[in-house]
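# Fold and geometry: a report
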Amino acid sequence: MFIVVGVTGGIAAYKTVHLVRLLVKEGHEVHVVPTDDAVRFVGLPTWEAISRHPVTTSVHDDVARVRHVALGQQADLVIVAPATANTLAKMAAGLADDLLGTTLLATTAPVVAAPAMHTEMWRHPATQANIATLRDRGVVMVGPADGELTGGDSGPGRMSEPEAIVAAALQAVDAAPAVTDAASSPGDLAGLRVVVSAGGTREPIDPVRYLGNRSSGRQGVAVALAAADRGAEVTLVAAHVDDGVLGEPATHRRVTIVRAGTAADLASAVTRAASAADVVVMAAAVADYRVAEVSAHKLSKDRSAEPGLTLELVETDDILAGLVRARRDGQTVVGFAAETPTAAETAAERGRRKAIRKGADLLAVNEVGWEKGFETDENALLLLDREGRTVGEAHGTKRETAEALWDAVRGIHSS
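Residue positions are given per chain, counting from 1 as you read along its sequence in written order. Local features in this predicted model are restricted to residues whose pLDDT is 70 or higher, and side-chain atom pairs enter the listing and the counts only when it is 80 or higher, whereas totals over whole chains, interfaces and linings include all residues. The side-chain numbers reported here are obtained from all heavy atoms of the structure, hydrogens and water having been left aside.

Looking at an unreviewed UniProt entry, the protein carries the name Coenzyme A biosynthesis bifunctional protein CoaBC, with the source organism given as Microbacterium hominis.

## Considering the sheet that holds strand S4 (residues 111-115)
In spatial order, the strands read S2-S1-S3-S4-S5; together these five strands make up an open sheet with parallel pairing. Each of the sheet's edge strands pairs with one partner strand only, and the pair in question is strand S2 (29-34) and strand S5 (140-141). Two strands form a pair only when DSSP identifies at least two bridges running between them. Only DSSP runs of H or I reaching four residues or more are called helices, and only runs of E reaching two or more are called strands; each is numbered from the N terminus. Examined bridge by bridge, S4 and S5 share two bridges and lie parallel to one another. Paired with Ala113 across the two strands is Met141, which belongs to S5. Any two residues whose heavy atoms approach within 4.5 Å are treated as being in contact. The axes are straight lines fitted to the C-alpha atoms, using for helices just the contacting stretch, and the angles between their N-to-C directions are given from 0 to 180°. Along the sheet, helix H4 (residues 85-93) contacts strand S3 (77-83), S4 and S5; its crossing angle with S3, the most-contacted strand, is approximately 140°.

## Things to note about the pattern of salt bridges
For salt bridges, the criterion is a side-chain nitrogen of Lys or Arg within 4 Å of an Asp or Glu carboxyl oxygen. Overall, the coordinates contain 21 salt bridges when judged by the stated rule. Across the salt bridge formed by Arg135 and Glu248, the nearest N and O atoms sit 2.4 Å from each other. Here the residue Arg135 occupies a position in helix H7 (residues 125-136), and Glu248 occupies one in helix H10 (residues 247-251), the gap between them amounting to 113 residues. Here's how the labels work: a residue is buried when its accessible area is under 20% of the maximum for its type, exposed when over 50%, partly exposed in between, all with a 1.4 Å probe on protein chains only. On the basis of relative accessibility, which here comes to 16%, the residue Arg135 falls in the buried class. We note a salt bridge from Asp407 to Arg230, for which the minimum N-O separation is 2.7 Å. On the criterion of sequence distance, the pair formed by Asp407 in helix H14 (residues 398-413) and Arg230 in the loop between helix H9 (218-229) and strand S11 (233-238) is long-range, its members being 177 residues apart.

## Looking at the pairing of S11
By the bridge criterion, six bridges tie strand S8 (residues 193-198) to S11 in an arrangement that is parallel. Bridged to Arg193 within S11 is Glu233.

## Description of the pairing of S4
The element S4 is extensively covered by neighbouring structure, given that five of its five residues are classed as buried. On S4, burial covers both faces: Val111, Ala113 and Pro115 on one face and Val112 and Ala114 on the other are all buried. With four bridges joining them, S3 and S4 adopt parallel strand pairing. Residue pairing across strands places Ala83 opposite Pro115, the latter belonging to S4.

## Some words on the environment of Val39
For Val39, the location among the structural elements is in the loop between S2 and helix H2 (44-51). The class for Val39 is partly exposed, based on a relative accessible area of 27%. Distance from Val39 to Gly9, taken between C-alpha atoms, is 7.5 Å for residues 30 residues apart in sequence. Apart from the residues lying within four places of it in its own chain, the contact partners of Val39 are Pro34, Leu44 and Thr57.

## A look at the packing of H4 against H7
Look at H4 against H7: their axes get within 9 Å of each other, and the N-to-C directions meet at 50°. With respect to H7, the axis of H4 lies oblique. Viewed along their axes, H4 and H7 form a crossing whose handedness is left-handed. Residues Ala85, Leu88, Ala89, Met91 and Ala92 of H4 lie in contact with H7, whose contacting residues are Thr127, Asn130, Ile131, Thr133 and Leu134. Here the nonpolar group is Ala, Val, Leu, Ile, Met, Phe, Trp, Tyr, Cys and Pro; Asp, Glu, Lys and Arg are the charged ones; every other residue, Gly included, is treated as polar. Considering only residue class, the contact of H4 with H7 consists of seven nonpolar, three polar and no charged. The scheme is simple: roughly parallel for angles under 35 degrees, roughly antiparallel for over 145, roughly perpendicular for 65 to 115, oblique for anything else. By convention the crossing between two helices is left-handed if the near helix lies anticlockwise of the far one by an angle smaller than a right angle, and right-handed if it lies clockwise.

## Looking at unusual backbone geometry
In this structure, Pro82 follows Ala81 across a cis peptide bond, with omega equal to -5°. If you trace the backbone, Pro82 turns up in strand S3. For the bond from Gly143 to Pro144, the omega torsion is 10°, close enough to zero to count as cis. Along the chain, Pro144 turns up in the loop between S5 and strand S6 (145-148). Phi angles above zero are rare outside glycine, and Arg52 is one such case at about 70°. Tracing the backbone through its elements, the reader meets Arg52 in the loop between H2 and helix H3 (67-74).

## Some details on the nonpolar core
Nonpolar cores are built from buried Ala, Val, Leu, Ile, Met, Phe, Trp, Tyr and Cys residues. Side-chain atoms within 4.5 Å join them into one set. Within the largest apolar cluster, 35 residues are counted, with the highest numbers of intra-cluster contacts made by Val194, Val196, Val234, Val281, Leu405 and Trp406. Examining the composition of this core, we find that eight residues originate from one element, H9, more than from any other. Those residues within four positions of Val234 in sequence are excluded, and the remaining contacts are Val194, Val196, Ala224, Ala227, Ala228, Arg254, Val255 and Thr256.

## A closer look at a nonpolar patch on the surface
Residues enter a patch when their relative accessible area is above 30% and they make no salt bridge; the linking distance is 9 Å between like charges and 5 Å between nonpolar side chains (Val, Leu, Ile, Met, Phe, Trp, Tyr). All accessible areas in this document rest on Shrake-Rupley with a 1.4 Å probe, and a residue is counted as covered only by the protein chains that are shown. A contiguous nonpolar surface patch, about 380 Å² in accessible area, is contributed by Tyr289, Leu309, Leu311 and Leu313. A relative accessible area of 42% places Tyr289 in the partly exposed class.

## Here we look at the side chain of His252
Along the chain, His252 turns up in the loop between H10 and strand S12 (255-259). In protein, a polar contact requires one atom able to donate a hydrogen and another able to accept it; more generally it is a pair of N or O atoms within 3.5 Å, and residues adjacent in sequence count only if both atoms are side-chain atoms. In terms of polar contacts, His252 uses its side chain to reach the backbone amide nitrogen of Arg254, at 3.1 Å.

In structure tokens, the structure reads:
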């Protein structure tokens, strides 16, 4: 495959060297098109050595081949990584003042952009408007990730890892010819009203302490963003999520965020939103128990009393079961089940029993543990129907597994 990799002037350009290397190792013909600012971070000899092709930033080189147009015409795929705020603005405006700009205007191939910039620049309304414009034109956005940035600050704006960008880019190529195929094509969820819950609930013990869990909210937010990018109008009911996770959905024009704290708050918000929804996805990690009586004052240690503390716990309401009972004709209800394997049965076996018991149209089972499922960028989902039969599997980034989930949901909802 003939791939053009555009590199712009950001420190994340050093990661693009590895991205190009991955593509070359997979046997693709890769042509790197850096901007003048990009070569201040990584020089031309490096790009030529890694790509095995001559590299230039000028539209005036190789004029006989009309290189400034030929690259775009020949491309099967164009990747821009990193895509700075300035580059995204130029792409949205259709500017062609350098070789990368002319290549982007000359191509009809899928275009994938991996944004990278500081959090404030990412959240700026101008950047978000440019992102929305590019998405409407079919440009696939990968990231940005949430993490440590140049200068020591942290938040959304970090360029996604090369492996994730390559996977998303190749998936974009696979999806591009299938214009009539619903799977992963932009707009295939247009007209649907969707509710997604995300994050972990917190059940108060006293004004200071609470019962909670390790959910970061990333998977639920990825599900919401995937639906919105595919055309759905999304209500995202967010419990506690990690810092920065709500950055992108907060500025997405098809996402409305509703906050919830406890399991009861989440149940009320989801139930209210579900009354008008076509699809409801319960991706939140809801506490199974709450304390029977919340203390009005901080529980403090009393050294003269018996050591230790005993709390009486009671079960919280089963939100998914309530949604299934209230399900309207034509409405699709999707649940998540975080399971750990035991000596008696695997996580998949536990999930199958739960799928049959819950009766949701689709149950996404993910195995969790100390180092998997929660607080990671990757996930693996086993998708089961209400009879406990496997209808799909997904492995990869949380956005990739979210896309696979929506592919499965579409098959159920349209049947």
